[in-house]
Structures are given as structure tokens and as C-alpha cells.
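Structural features, examined
Next come the chains, spelled out residue by residue.
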Amino acid sequence: MTLSTILLLPQLIIGSYTSKGNPGIEVFNWDAKTGAATKSYSLTVPQASYQAISGDYLFSVSEEGDGKASVSSFQMRNGKYEAINTEFSLKGDHPCHLTYREKSKTIYTANYTGGSVSVFQTANGRLKPLAQYIAYTGSSVNKDRQNSAHAHMVALSPDQNTLFVTDLGSDKIYAHAILADGRLAEGRAEIALTSGNGPRHIRFNAKGDRAYLLNELSSDVDVFAVKGSQLNKIQSIPADTSATKVKGSADIHISPNGKWLMSSNRISSNQVVVFKIEADGQLTRVFHQNVAKIPRNFTFDPSGNFVLVASQEEDRVQVFHFDDKTGSLKDSHQDILAKSPVSLLIR
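One structure accompanies this document, and this report is about it. Model, not experiment: these values are computed from the prediction. (Residues numbered from 1 in each chain as written. Predicted model: local features only at pLDDT ≥ 70, side-chain atom pairs only at ≥ 80, totals over all residues. Heavy atoms only, no water.)

1. Description of the overall build of the chain
Stated formally: Secondary structure is summarised from DSSP: a helix means a run of H or I of at least four residues, a strand means a run of E of at least two, and numbering begins at the N terminus for each. Atoms counted for the radius of gyration: C-alpha only. Globule rule: 2.2 Å times the number of residues to the power 0.38. Throughout, a residue-residue contact means that at least one pair of heavy atoms, one from each residue, lies within 4.5 Å. Exposure was quantified through the Shrake-Rupley algorithm and a 1.4 Å probe, taking into account, for residues, occlusion by the shown protein chains and nothing else. Charge counting treats Lys and Arg as positive and Asp and Glu as negative, with His and both chain ends excluded. Taken as the charge location is NZ of Lys, CZ of Arg, CG of Asp or CD of Glu.
Within the chain one finds one helix and 30 strands. Rg of the C-alpha trace for the chain: 19 Å, near the compact-globule value of 20 Å for 347 residues, within the 12% margin. Summarising its shape, the C-alpha atoms of the chain cover approximately 55 × 45 × 35 Å along the three principal directions. Long-range pairs, those at least 24 residues apart, make up 47% of the contacts in the chain with a sequence separation of at least 6. Carbon and sulfur atoms make up 49% of the accessible area of the chain, which amounts to about 14,000 Å² in all. Looking at the chain, you have 36 positive and 33 negative side-chain charges, and the mean spots of the two groups are 2 Å apart.

So, in C-alpha cells, the structure goes:
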């Protein structure tokens, strides 16, 4: 393979926790035909647990506490990302998720320990100092995990006019109207969920009329009919069918063609679960795939032919062939070695 061919390949970005001395972000060249990945370079970002991409810009949180929590930005130059700058999220400890709004060039982070959201404006990829900080309060029935607010994900509505924030600690989803400059309206709608469920990640279908919420503590997937900032639950279906009481689901994604939904389970079971999305948007569970220990983030490749699953405990990313006709997965045995991987993106 020539250098020019390598530069044309998509890039797989793996974010990771860095307690094992690893750099934080590792970039691989991704071959969409074979599912093989080749290490290219790395970026030093502490506790790089989640990333987002906009054009040539890459943004990453550093999931730290004690005033060290931050967001970093990078720009693609000559086939590699180069650092632009870093801004601290101040009171927002342990940011575990971020998203980028194209309309206003704004970054939002969900701060787990802080139970809050931080808002950063950008200019040509450069992060400006913290523009807004909103903290939530509340608790729920699980005294070990829900003694206070724990913002876990920030998700834009398909029209980018509303920011939805999942609060694992209070069993609520907050819906903020987004102002023209990207800041959030301080007032918000609150969607109350089943007590003890622990909402973690939410995804919207391409049409924008259905949302799929993965609850970490109950391991149920809730399906909502969407109308503006309103979410009306129409189905709840278990993703983890194991008999253990303590569960821990992690991530949820819709396939590129919109036909399938997947979620990952960890702690009680190490699995990726496949659901068929029916014509009315409700789900039918069709397949369970056992995977390496503690599967956190996973992703479809853009073609939908492969699913990559990050195993935090076994220091590897598994690559599975995906059968679009049946919803089944098959291990390609092309593991990608990376320490404590917890976030995956392909650009």
C-alpha cells in the first residue's frame, strides 16, 4: 500500500483512559473493504473519554476532576490532527460526553460528577473560554449511583434547536432551547423517567420523530415519539436479559441505513445487543453477541458492514462483520490493540 493510498483511507480515532501510560487518543488508518486498521499516530490527551468531529476539527474532553477537567481542539493538517488549544471546564468535573452544534459552532459537555453542562463557543476551531455553566440538582432511588445529579450525555435534536441532557442521577432528561449564539436557555423542560433506570445515552432517528434512550442501571431501552422538545414513551424493552440485579449498559447507536439499533451491556454481561427497528419505530430484539470485557463505546463504520466494539478491560477493539439481512455479527478476528479504549469515531 502506497503512502498516497494510506492518506486517502478513513481514519479511526480511539479515545481512552490514560492510567496505563497511554497517550489518550490514537489514530488508525481504516480499510473499509477489509475491516483492517493500521496505527498512524497518537495525541496526548489525558483521560480522553469522548470525542466529536466537525469537518477538519476534532474536539475531546479530558474526564478529570479537581479543576483539571477540560476540552481540547485539534485541526487536520497534512493528514494529521494538530493541537489548537485547551480550555478548562472549571466547575464541571469529569466531563464524559460532548457534542458540537454546527449552526453556532458551539461545544457542549456533559459533566458527570458536576451534574452539569458546560458551553464553549469556538472560532475557526479554537475554543473560547467557558461561555456558560448550568448545574442540575436532584437524586433518585439508587443510593449508590443516584445520590446527586450526574449528567451523562448532551444530544442535539435533529433540527439543532434543542439540547437534550440525560441525568443518570435524577432519572430525568432536560430539554434546553438553544439561543442564536449557542448558549442555552436557563429554563428547561424536564422529562421524568422510571425511577432507578439511570438514563445514559440517547439517539434520534434520521427523520427526527423517534428517540431511543439506553438506561444504564435498568438496561432497558425506552422508545419515544418526538415532537419538538417533547418525548412521549411508546415502548420499553430490556437490552440485558441476564438474571443479575446489578446491570450496566453503556452505549447505543442506530445503523447508517436506519434499519437496526444496537446497545452494549457490561458488568452483568459483556454483550452487544441488536434490535430491528420496525416501521412504527418500535424495537424487536433479534441478536446477542458476546464480546470482550467491559464494552463501552462501539460504532458502525460508515458503510454499515462492520461494527467496532471497544473493550475497556481487555485493551482491544474488536471488529465484527455485520449482516444487514439478519442483524447478526461475526468476529473478523482483526482486533485493534489500544489500552483502556472507551470512545470510537471513524471520519
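2. Comments concerning empty space enclosed by the protein
Definition in use: Space inside and on the surface of the protein is sampled on a 1 Å grid over the protein atoms alone, with a cavity defined as a set of points where a 1.4 Å probe fits but cannot get out and a pocket as an open set with protein on both sides within 12 Å along at least 5 of 7 lines; lining residues have an atom within 4 Å of a point. Grid points are joined across faces, edges and corners, and a volume is the space filled by probe spheres set on the points. Classification convention: Asp, Glu, Lys, Arg as charged; Ala, Val, Leu, Ile, Met, Phe, Trp, Tyr, Cys, Pro as nonpolar; all other residues, Gly among them, as polar.
Across all of its chains, the model carries one cavity of 30 Å³ or more by this definition. When its volume is computed, the largest cavity comes out at roughly 90 Å³. Of all elements in the fold, only strand 17 (199-204), strand 21 (248-254) and strand 25 (295-300) reach the threshold of two or more residues within the lining of the largest cavity. Residue classes in the lining of the largest cavity are distributed as four nonpolar, four polar and three charged.

3. Section: the layout of surface pockets
What the largest pocket holds in volume is close to 1,100 Å³. Surrounding the largest pocket, 36 residues form its lining, Y50, T99, R203, H253 and L345 being those nearest its centre. Looking at the lining of the largest pocket, the elements with two or more residues in it are strand 4 (51-54), strand 8 (95-101), strand 13 (151-156), strand 17, strand 21, strand 25 and strand 30 (341-346). Along the lines of polarity and charge, the residues of the lining of the largest pocket split into 20 nonpolar, 13 polar and three charged.

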